[in-house]
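Here are the chains, one letter per residue:
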Amino acid sequence: MKNILALLLFIPVLATAQTKDCVYDIEEKTDSTSLKVLPNVLIDEKIFGNTNEYLFFNLINNDGAPMLGLQLLQKSKDFIPTKCINSTSKVILQLKNGKIVTLIANDEESCSVLNYDEKEKNNIRILTGYFYFTKTNYEELKNSSIMLMRVQYAGDSKDYVLKSELTSETLNTKSNPETYFMDFIKCVE
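Thresholds, definitions, all that
- Numbering of residues starts from 1 in every chain and runs along the sequence as written.
- Note on the predicted model: pLDDT of at least 70 is required for a residue's local features to be given, and 80 or more for side-chain atom pairs to be given and counted; whole-chain, interface and lining totals, by contrast, use all residues.
- Note that the side-chain values use all heavy atoms of the structure and ignore hydrogens as well as water.
- Working definition: helices are DSSP H or I runs of at least four residues, strands are E runs of at least two. Numbering for both runs from the N terminus.
- Contacts are assigned to residue pairs that have any heavy atoms within 4.5 Å of one another.
- Definition of a polar contact: a pair of N or O atoms within 3.5 Å, with one able to donate and the other able to accept a hydrogen when the atoms are protein atoms, and with sequence-neighbouring residues admitted only if both atoms are side-chain atoms.
- Summary of the burial criterion: residues with accessible area below 20% of their type's maximum are buried, those above 50% are exposed, and those between are partly exposed, where the area comes from a 1.4 Å probe applied to protein chains only.
- Read the arc as the range of directions from the helix axis to the C-beta atoms.
- Basic side-chain nitrogens of Lys or Arg form a salt bridge, by our definition, when they fall within 4 Å of a carboxyl oxygen of Asp or Glu.

## Some remarks on the environment of Leu55
Along the chain, the position of Leu55 falls in strand S4 (residues 51-62). In this structure Leu55 touches Val41, Leu42, Ile43, Asp44, Leu70, Gln71, Leu72, Met149 and Tyr160, once residues within four positions along its chain are discounted.

## Some points on the side chain of Lys83
Summarising the element assignment, Lys83 is placed in the loop between strand S5 (65-76) and strand S6 (84-85). There is a polar contact of 2.7 Å between the side chain of Lys83 and the side chain of Asp156. Here Lys83 is in contact with Leu72, Gln74, Ser110, Cys111, Ser112, Leu127, Tyr153 and Asp156, once residues within four sequence places are set aside.

## Regarding unusual backbone geometry
In this model, Asp63 sits at a positive phi of 55°, which is unusual for a non-glycine residue. Within the secondary structure layout, Asp63 lies in the loop between S4 and S5. The exposure class assigned to Asp63 is partly exposed, which follows from its relative accessible area of 45%. The backbone of Lys121 shows a phi angle near 60°, a positive value even though the residue is not glycine. Assignment of secondary structure puts Lys121 in the loop between strand S10 (113-117) and strand S11 (122-132).

## Regarding helix H2 (residues 135-143)
Of the residues making up H2, those classed as buried are Asn137, Tyr138 and Leu141. Here the buried residues of H2 occupy an arc of 110° about the axis, which is enough to place them on one side. Of the exposed residues in H2, those oriented more than 90 degrees away from the buried face are Lys135, Thr136 and Asn143. Buried residues along H2 sit against S5, strand S7 (90-95), strand S8 (100-105) and helix H3 (180-184).

## Details of the environment of Gln71
As for its position among the elements, Gln71 is in strand S5. Exposure remark for Gln71: the relative accessible area of 24% places this residue in the partly exposed category. Note: C-alpha distance between Gln71 and Tyr130 (59 residues apart in sequence) is 8.8 Å. Not counting chain neighbours up to four residues away, the residues in contact with Gln71 comprise Asn40, Tyr54, Leu55, Phe56, Ile126, Leu127 and Thr128. At a separation of 3.2 Å, a polar atom in the side chain of Gln71 contacts the side chain of Thr128.

## Details of the pattern of salt bridges
Under the counting rule described, the total for this entry stands at nine salt bridges. Between Glu53 and Lys158 there is a salt bridge, and its shortest N-O distance comes to 2.7 Å. Of this pair, Glu53 sits in strand S4 while Lys158 is found in strand S13 (residues 156-161), placing the two residues 105 residues apart along the sequence. Look at Glu53 and you get buried, because its relative accessible area is 9%. A relative accessible area of 21% places Lys158 in the partly exposed class. Glu189 is the salt-bridge partner of Lys142, the closest N and O atoms lying 2.5 Å from each other. Linking Lys142 in helix H2 with Glu189 in the segment after H3, this pair joins segments that are 47 residues apart in sequence. Judged by its relative accessible area of 26%, Lys142 falls in the partly exposed class. Through salt bridges that share partners, Glu139, Lys142 and Glu189 make up one connected network.

See the structure below:
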């Protein structure tokens with residue numbers, strides 16, 4: 001009897017240990033609109049010579065429509081070419097189960113904005129874009145982790161090999177890019 005009682009008490013601990021909490025940067029609901037925005041999570045980091053490049057994801061639910069927010073931050077002492085996202089841009093994900101999932105950009109064109117950090121003498125470019133899920137690929141992302149990702153910018157594409165765990169010493173953060181959707185997509189349903 002003691003063993004059964006101990007098992008029953010331990011099951012809720014296991015269930016809560018396996019789930020990630022949904023913490024929102026923005027959570028607003030009015031009579032006619034609703035918006036949930038998760039914080040940015042580092043998905044990829046490349047540091048090479050004078051150039052640092054960071055790719056962030058965040059999930060958004062805007063009036064019941066889940067979307068992926070993508071933000072590319074580039075910092076370099078050298079010139080950084082402009083990147084754009086337009087209606088032909090896509091995020092293509094190869095899942096570990098062998099399936100390919102494609103997210104389609106919204107219709108708004110967005111190009112990276114150039115800023116200059118006078119103190120550190122760095123050029124900084126920030127690009128933000130939003131991508132829609134489809135019903136079929138949405139379900140696949142809940143059940144399988146990601147191996148590879150290709151971001152098709154306007155006139156350019158870049159491939160990323162996602163890590164199971166990413167520790168950034170420059171940003172002092174830890175993330176799990178491979179399982180990002182498995183961990184957080186439930187937060188925007």
